[in-house]
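# Chain and residue survey
Listed below are the residues making up each chain.
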Amino acid sequence: MNNKQTTINYFQLKKTNLIILLFIILFLALFYFIIDLSSLSLVAHDEGLYARRSRLIEESINWFSSPFSTPHHKTLGSYWLIALSIRLFGNSELSLRLPSILSSFVCLFISYFIALKVSNKSTALISLLSLSSMPLWIQYSRYASPDLPFVLCVLLVIFFFLQFLDSKDQIHKFLYIFSSGLFVSTAFFIRSYMAFVPLIGLTPFFFYQLLRSNYKFKLTFSIGIIVGFIPTFLNLFYSYKDYGLVGITALFHFAKKQAIGVIDVGNLLIIPLNYFYLTFPIGLLFLLLLVFTSSNNSIKFPLLIYIYPILSLLILLCMSTSYPHYYLFLLPSLSLVFAYKIQCFSTRFSSSNLIIKYFLTTIMVLMICMVFAFILFFNQQLMVYSHGRVFLLYVLLIIIILSYVFSIRVLFNSKSGNTYLIRFFYNIFIPQYISLSLLFNFGFLGSPNYKTKLFLNDVDVSSIIKSNTIHLFNVDSKIQTLLLYYLPSSKIVKSSFDVNRNDYIITSEDIYFKNYQVYKSIKKFDNHMLLMKISK
């Protein structure tokens, strides 16, 4: 009877865990896909450039051959997934962003299984939830770029390598180590030389494990890398065929420019601010844990968990050019180490817990004051960016404020040891994930060119742009990038004399007011105007 009861309890526990996991998947997916397409617009320059280049790839016959007029500085894998999405789902903001949305969603669960292999279920769950709630992660999960597919490749390299180490079956071990090598070179095809940063960081872990492995596995890993490089080799072959040696060297020159040069001190100063803002509150909690606590237990694979992110971070800090999205691949590692430390730590000093509580309380009060100040002093701007959904915007801001208020209460109401930080995390995570997801999904954030899209969707304007070539003259570079995507038949001109009578032109307001007798105004938008030339 005891054995029978144990078996029943085991299956009930498995069933409960499965239900919880399915609920989490449903919860995360829900806020990934509640999207209002009418309020979305592309962010220039990057999204506009990726969108336009991906469409050129989609329209070309050979996806390995560059469709651009000059040698390109990136491997074409940067655009493949967006181009495929355009082919399958048409030309829209959703199809452009779908590869990032899906990659981000898969990344969460690959990172969960990686955390499960190096730790336990509760650590893996906290790791998954903390990663999904980081502002930088939420932002780029809805961004038309190759960054999230690249992060997915890096995670798959790690996941399949860990599967190789854990597997007992020889056939499976060969399959896993081959797949790991395959995604090493696939990462390069998607993100060019940026892929070297995480791969160099992973090198100590790979070398240590492979040196202990049979030579057959080392060979299989190498074969996987070579097979994964086939698309890159074909891309470089056609680049050489079309442009000669410069078609290949353009790739190297761009990487050299990004990595080597004068280090901007201003960049070094802004990195800590970006860290706190873009990883809040996980980045802040992690630093507090690092300073005021110490871990009680050792973790498996320290070369992977600690050395890999530290080495990668040092490389990024030494680069002459550094943008927040360069650090995206480090967020899963940050969330994993954070999840591990928040569960099993002991205080370094007798006053550690008190310092942490009062410090977090101060931060929460400041955040509440900032949100209130934003509502009071920037009310007009909120009206503009709400796109007619003022009520929804205020509801989301109130949810954020209430989460901060209740988080302060949690800090001082928890009586049982170190659990106050875990409760504090959960109290912040859920409202932040919901609020930030909806703010991006409904265009309150991440849609700075909404006026441009409104202009293009205007009834009078849309009828003109459908049947006429629109000339672009003296247009702001960011708006020009967007217009070249939204208006495939548009044409850049260097002089107004290149525009014939009765042709249409988009230019800045200054040009119009200087030549108001030459042009007839059709529609104004964002310091620019659509004009028709009525005289020479």
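Here, every reference points to the structure presented above.
Attention here is on the structure that accompanies the text. (Residues numbered from 1 in each chain as written. Predicted model: local features only at pLDDT ≥ 70, side-chain atom pairs only at ≥ 80, totals over all residues. Heavy atoms only, no water.)

All right, on to helix α10 (residues 215-228) then. Taking 1.5 Å of rise per residue, the 14 residues of α10 would be expected to cover 20 Å, and the 20 Å separating its terminal C-alpha atoms lies within 8% of that figure. Of the positions making up α10, those classed as buried are Phe217, Thr220, Phe221, Gly224 and Gly228. Axial view of α10: buried residues confined to an arc of 100°, hence all on one face. Counted as exposed and oriented over 90 degrees from the buried face of α10: Tyr215 and Ile226. For α10, the elements touching its buried residues are α7 (147-166), α8 (170-191), α9 (196-211) and α11 (230-243). N-capping of α10 is provided by Asn214, with a side-chain oxygen placed 2.8 Å from the backbone N of Lys216. (Helix = DSSP H or I, 4+ residues; strand = E, 2+ residues; numbered from the N terminus. Expected span 1.5 Å × (residues − 1). Buried < 20%, exposed > 50% of the residue type's maximum accessible area, 1.4 Å probe, protein only. Arc of directions from axis to C-beta. Contact = heavy atoms within 4.5 Å. Polar contact = N/O pair within 3.5 Å; in protein donor to acceptor, adjacent residues only side chain to side chain.)

What follows concerns the environment of Tyr327. With respect to the helices and strands, the residue Tyr327 is situated in the loop between α15 (302-318) and α16 (331-343). Residue class for Tyr327 comes out buried when judged on its relative accessible area of 13%. Expressed as a C-alpha distance, the spacing of Tyr327 and Pro135, which sit 192 residues apart in the sequence, is 13 Å. Residues within four places of Tyr327 in sequence aside, it is in contact with Ile271, Leu313, Leu316, Leu317 and Ser322.

It is worth spelling out the sheet that holds strand β4 (residues 491-492) at this point. Backbone hydrogen bonds hold the strands of a sheet together, and the pairing may be parallel or antiparallel. Pairing is mixed in the open sheet, where five strands are placed in the order β4-β3-β5-β7-β6. With one partner strand each, in any of the chains shown, β4 and β6 (519-525) form the two edges of the open sheet. Here β6 runs beside strand β7 (residues 528-533); their pairing, made up of six bridges, is antiparallel. The partner of Lys520 across the bridge, within β7, is Met532. Each of β3 (470-473), β4, β5 (504-508), β6 and β7 touches helix α23 (residues 477-486); the most contacted strand, β3, lies at about 165° to it. (Pairing = 2+ DSSP bridges. Axes fitted to C-alpha atoms, helices over the stretch in contact; angles between N-to-C directions.)

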